[in-house]
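The lines below spell out each chain.
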Amino acid sequence: MSFAAHIISAYPDMFPGPLGESLHGRALADGLWRIETHDLRNFGAGKHKNIDDTPAGGGPGMVLRADVAAAALDSVTTGHDDLPVILPSPRGVPFGQTLAHEWAQGDGLIFLCNRFEGVDERFIAARQPLEVSLGDYVLAGGELAAMVMLEATLRLVPGVMGKLESGTDESFSPANDGLLEYPQFTRPQSFEGRDIPDLVTSGDHEKLAAWRRAQAETLTQSRRPDLWADFVKRKK
Ligand code: ADE
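What comes next is a walk through the structure. (Residues numbered from 1 in each chain as written. Predicted model: local features only at pLDDT ≥ 70, side-chain atom pairs only at ≥ 80, totals over all residues. Heavy atoms only, no water.)

**Considerations on the nonpolar core**
Argument step 1. Counting 27 residues, the largest nonpolar core has W33, F95, W103, F111, M149 and L150 as its most contacted members.
Argument step 2. Listed by contribution, the elements that provide at least two residues to this core are strand 1 (3–9), helix 3 (97–104), strand 6 (108–112) and helix 5 (143–154).
Argument step 3. In terms of residue count, the dominant contributor to this core is helix 5 (7 residues).
Argument step 4. Each residue touching L150, except ones within four places of it in the same chain, is listed here: F3, A5, I7, L19, L109 and F111. (Core = buried A, V, L, I, M, F, W, Y, C linked by side-chain atoms within 4.5 Å. Buried < 20%, exposed > 50% of the residue type's maximum accessible area, 1.4 Å probe, protein only. Helix = DSSP H or I, 4+ residues; strand = E, 2+ residues; numbered from the N terminus. Contact = heavy atoms within 4.5 Å.)

**Re the site of the ligand**
Argument step 1. By nearness alone, every residue bordering the ligand is listed as P88, S89, P90, V132, S133, L134, G135, Y137, V138, L139, G141 and A145.
Argument step 2. Between G135 and the ligand, the recorded distance is 3.2 Å, taken from a backbone N or O atom to a nitrogen atom.
Argument step 3. Alone, the ligand offers 260 Å² of accessible surface; in the complex the protein occludes 96% of this.
Argument step 4. Only strand 5 (85–94) and strand 8 (130–133) provide two or more residues apiece to the shell around the ligand.
Argument step 5. Per-element tally for the shell around the ligand: the top contributor is strand 5, with 3 residues.
Argument step 6. Of the residues in the shell around the ligand, the class split is 8 nonpolar, 4 polar and no charged. (Near = heavy atom within 4 Å. Polar contact = N/O pair within 3.5 Å; in protein donor to acceptor, adjacent residues only side chain to side chain. Areas by Shrake-Rupley, 256 points an atom, 1.4 Å probe, with all protein chains shown as cover. Nonpolar A, V, L, I, M, F, W, Y, C, P; charged D, E, K, R; others polar.)

**Observations regarding the packing of aromatic side chains**
Argument step 1. Here the structure, examined in full by the defined rule, presents 4 aromatic pairs.
Argument step 2. With a centroid separation of 5.1 Å and 40 degrees between ring planes, the pair formed by W228 and F231 is classed as tilted. Of this pair, W228 and F231 both sit in helix 8 (residues 225–235), 3 residues apart, which is roughly one turn of the helix.
Argument step 3. Here the aromatic cluster, defined as three or more aromatic residues joined through ring pairs, consists of F95, W103 and F111.
Argument step 4. Positioned above the aromatic ring of Y11 is the side chain of R41, whose terminal nitrogen or guanidinium carbon lies 5.2 Å from the ring centre. (Phe/Tyr/Trp six-rings, centres within 6.5 Å; stacked < 30°, edge-to-face > 60°. Lys NZ or Arg CZ within 6 Å of the ring centre and 35° of its normal.)

If you want it as structure tokens, here you go:
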């Protein structure tokens, strides 16, 4: 069975968007994963099919109605109640490579994309989606966040990257001890007076591995003290 990406959104035409291009697009066409969009507006309330309303107690913006969100989600989870339900949100737990690896082991994901100030809290209490954040900034909606999480997850689904599979030895991967990736080089040998380091092309695999490791450690230490501290703690 292929990996299923379910997207609930008021803007379903945004998908597959960039996920329809390049290797992910090829894998989609080849049936290695599939996408099903579900238009939130089909679940709108009343004759105007409203999906949002003003915040109770006042405040800016609009809030996605709990009954609308629940009806849309329930229509998808019926028959797929084993799939994780993700609510992209700046107040969620941080997204990272560990979650991507975990999700890639499963059969798919359901994303509920919001475009407003938020979702009525009673929906969250009743259906308990996993709120996940891309980072400490606020996007205009969950759609781009869902695409980012999907792209990172899908490239770890077997076959999606084809022969270019490299999901293990890269930044943040357990095989790389959670460090940032070492520098890469390719042709030409000389670029604007800068040469590929001799060691990289020397053919001495042991020395190269040691050099790459040292580079990864130096980079991580200077750019990501948080990752470096985790690494040092794990080594103890
Ligand atoms: N929706 C709005 N901002 C977001 C963020 N930072 N991460 C995930 N979803 C969001």
